[in-house]
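These are the residues of each chain, in order.
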Amino acid sequence: EVFARNMGASLSAYLRTIVDVKLASVEQLTYSEFIMSLPNPTCFNLLSAKPLEGEVVLEINPSIIFSIIDRLLGGGKDASTPPDRPLTEIELGIVRRIIQQALDQLCTVWARIKQIQFTLVETESNPQLRQIVPPNEVVVLISFEITLGESSGSMNLCIPFMVVEPIMPAFAIQNLFTVSRG
């Protein structure tokens, strides 16, 4: 929720319009279930999370990413059907700035648990081309709903369990401090 608030404020300042980011759900599923739920093409970003081992996925749905690009390039406020194609090189350059804002916010939010440096490794349009963990591996899927004017879409953070397993005790300690302050 803190990430959603911070990301909404960051995007609002960058786009110079009101952007609402809300936590939609947190669920546990397999990696194959996550991949099958994504559209193709989409904005599928592989992230490293140093010092943790493995990769994390930040996926932004085309329905909102094309609205953001349109807004940045001076387009109208109308919600339009996103094109059914991968992002061009110019659009990828624009999207990388949005991704960097998300990475900065992730680093800030995770600092309460552990200092993690999220960095963009690769951006892909077809999510089925990247297999970061075996298909039956358990992942945590954190979904956010982004609203920009009349357009809305989802942003998904997929974290394989094996990536966060080494720091699981820190989550329990953080939860203990949160409960004792309340």
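Scoring rules and cut-offs
Residues numbered from 1 in each chain as written. Predicted model: local features only at pLDDT ≥ 70, side-chain atom pairs only at ≥ 80, totals over all residues. Heavy atoms only, no water. Helix = DSSP H or I, 4+ residues; strand = E, 2+ residues; numbered from the N terminus. Patch = residues over 30% accessible without salt bridge, like charges linked within 9 Å, V, L, I, M, F, W, Y side chains within 5 Å. Areas by Shrake-Rupley, 256 points an atom, 1.4 Å probe, with all protein chains shown as cover. Salt bridge = Lys/Arg side-chain N within 4 Å of Asp/Glu carboxyl O. Buried < 20%, exposed > 50% of the residue type's maximum accessible area, 1.4 Å probe, protein only. Polar contact = N/O pair within 3.5 Å; in protein donor to acceptor, adjacent residues only side chain to side chain. Contact = heavy atoms within 4.5 Å.

A. Here's a closer look at unusual backbone geometry. Cis geometry is adopted by the peptide bond preceding Pro-41, which originates at Asn-40 and carries an omega value of 10°. On the secondary structure map, Pro-41 appears in the loop between helix H2 (31–36) and strand E2 (43–50). Backbone torsion omega between Lys-50 and Pro-51 reads 15°, so that peptide bond is classified as cis. By the element assignment, Pro-51 lies in the loop between E2 and strand E3 (55–60).

B. Highlighting a nonpolar patch on the surface. Nonpolar side chains collect at one region of the surface, where Val-138, Phe-161 and Met-168 lie side by side and expose about 210 Å² of accessible area between them. Summarising the element assignment, Phe-161 is placed in helix H5 (residues 161–164). With relative accessibility at 32%, the residue Phe-161 sits in the partly exposed group.

C. Seen up close, the side chain of Asn-45. With respect to the element layout, Asn-45 can be found in strand E2. Only 3.4 Å separates the side chain of Asn-45 from the backbone oxygen of Cys-43, close enough to count as a polar contact. Those residues in contact with Asn-45, other than ones at most four positions away along the chain, are Val-56, Val-57, Leu-58, Ile-99, Leu-120, Glu-122 and Thr-123.

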